[in-house]
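# Overview (structure and organization)
Given next are the chains, with one letter for each unit.
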Amino acid sequence: MFRFENDRALIESFRPRDRRVIEMPDGITFPLFVRDYLAWTETSGARVYLIFSAPGSRKPIGIIFRRDSLGGEPVTRMCEWCHSYGSAHEVCLLTTAVDSKRRVGVNLCADLRCKEKLEDAADRSGRHPLEFLGKLNERMFRFAHEALGIEAQPAA
């Protein structure tokens, strides 16, 4: 869980290289408490924003993903974070810049609503979603650390 006092604090959770292209989500009010993670899609649908914290940390980490074109071949894909299956409209390649010359990508839910899918699966199986959400958080951080070199900050 983490908290944003204002829009500036939210923007500063992203890497400096990404801060200039942020489109704030509609209807956001401050202070903003985030329990697991915050995700939204910009108006054009071209970018998806994610803010989460590393396991054991309360320092938010922001990543901006660019969506590949939705649609295309009629295949089913699996989200690498929540392991949900969906069509190319539901699970797609999301990419982010490592630096000015390199991008990395991962197949994820196109809207990053992994949390809702995991909570639904836990409810249907009669299990508590906390275990599933913890693994989701670990997968998010593993991507940020291994692909982007983002380090965890200890809890304050």
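Preceding this section is the structure that the text describes.
Residues numbered from 1 in each chain as written. Predicted model: local features only at pLDDT ≥ 70, side-chain atom pairs only at ≥ 80, totals over all residues. Heavy atoms only, no water.

Read across the open sheet, the 5 strands follow the order β3-β4-β5-β8-β9; overall the sheet is antiparallel. Among the strands making up the open sheet, the edge pair consists of β3 (37–41) and β9 (103–109). Across this sheet, the average inter-strand angle for adjacent strands is 30°, counted without regard to direction. Pairing between strand β4 (residues 47–53) and strand β5 (residues 60–67): 7 bridges, direction antiparallel. Its bridge partner being in β5, V48 is matched across the sheet by F65. Strands in contact with helix α3 (residues 130–148) are β3, β4, β5, β8 (91–97) and β9; relative to β4, the strand with the most contacts, it is inclined by about 110°. (Pairing = 2+ DSSP bridges. Helix = DSSP H or I, 4+ residues; strand = E, 2+ residues; numbered from the N terminus. Axes fitted to C-alpha atoms, helices over the stretch in contact; angles between N-to-C directions. Contact = heavy atoms within 4.5 Å.)

Moving on: the side chain of S84. The topology assignment puts S84 in the loop between β6 (76–78) and β7 (85–87). You can call S84 buried: its relative accessible area is 17%. Contacts of S84, omitting those with residues within four sequence positions, involve R77, M78, C79, V91 and K117. (Buried < 20%, exposed > 50% of the residue type's maximum accessible area, 1.4 Å probe, protein only.)

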